Amino acid sequence: MACNAVHAALTGEPLFGHFAVTERPARVLYLCPEMGLLSFADRMRNLGLLPYVGKTLFCRTMNSEGHLTLSDLTPEELTGALVVIDTAVRFVIGDENSSQDMKVFADQCFGLMKTGASSVVVLFHSPKGTKEASELTLENAMRGSGDLGAFVSSCWATRLQDPDNDEWKSPSYMKNVKQRDFKSKPFEVTSDALGRLHIVAPPNTDVKLSSKPGGVPANADGKEEAVVQFIRDNPNLSNKKTEAQLKKLGIPRSASWVGNKKYELFGVGCQTGPN
């Protein structure tokens, strides 16, 4: 998805064949120390981006010499640039669960823009429980300290709708889980054999996150937001007492469901099977 965003930024073609590109960067700096040069080059070739390499697309992979920190980027490189950090954990100094260390990383990202970058796109890993979550939220879609979610302007989470089948054919559900400057609704995209993503169900249509096999549909009764807010307001209430209080509010949820939701939101307790 990040590479498709880069393709749109460099070519001016609509993102996912749907979203218009209103402003193009002077160049793209793609920092990807998690991927080898051959794999990355193959991805760029499939997307038709090799002609841009060394001109308006500059990449750094695990095969690059030395160690690059974000503070090493110069004003000449950053001015007007779109910077893609793939992934955040490779540029974090310290512990991603540490609030203090994440504030340092946030300051570094803001520093890139103060130096001249037009935008910074950061890829984050998701917690293990995201695949089983009944809904995607900022809390369960981004691994690490809550300060990570606090400093981003917008955060998009994604999950395969049909993970048991061919991942190239399964639609990917995309949701903006942090809407600071604009509102948007979820949509779906699918990939062709070359990795180009195309929109299937556009925003403003009734796009729902699929439930996990054997589980209940995501937000089946439309009361998910109220439940999550109640749990956040009463984090120390036991699962059984939370179940009882929710029942009084006319929202049936089992104690084990409450436990799973607390795990998604706070990373405490443990998860159980679908119920």
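Shown above is the structure to which this text applies.
So, here's what we can say about the structure. Since the structure is predicted, the reported quantities are computational estimates derived from the model, not experimental observations.

The rules we used
Residues numbered from 1 in each chain as written. Predicted model: local features only at pLDDT ≥ 70, side-chain atom pairs only at ≥ 80, totals over all residues. Heavy atoms only, no water. Buried < 20%, exposed > 50% of the residue type's maximum accessible area, 1.4 Å probe, protein only. Helix = DSSP H or I, 4+ residues; strand = E, 2+ residues; numbered from the N terminus. Pairing = 2+ DSSP bridges. Right-handed = clockwise from strand over helix to strand, strands pointing away.

Turning our eyes to something else, we now look at the pairing of strand β3 (residues 81–86). In terms of burial, β3 is a largely internal element, 6 of the 6 residues being buried. Here β3 shows two buried faces, one formed by A81, V83 and I85 and the other by L82, V84 and D86. Summarising the sheet, strand β1 (residues 27–32) and β3 pair through 5 bridges and their orientation is parallel. Its bridge partner lying in β3, Y30 is registered against V84. Handedness of the crossover joining β3 and strand β4 (residues 119–123) through helix α4 (residues 99–115) is recorded here as right-handed.

A regular strand places its side chains on the two faces of the sheet in alternate fashion. Burial within strand β7 (residues 187–191) is extensive, with 4 of its 5 residues counted as buried. Of the pairings in the sheet, the one linking strand β6 (residues 172–179) to β7 comprises 3 bridges and is antiparallel in character. In the sheet register, Y173 faces β7, and the bridge partner there is E188. Two strands pair when backbone bridges link them, and β7 and strand β8 (residues 197–201) are joined in this way by 4 bridges, in the antiparallel orientation. In the strand pairing of β8, T190 is matched with H198. Counting the residues that bridge the hairpin from β7 to β8 gives 5 residues, and of these G195 lies at a positive phi of roughly 95 degrees.

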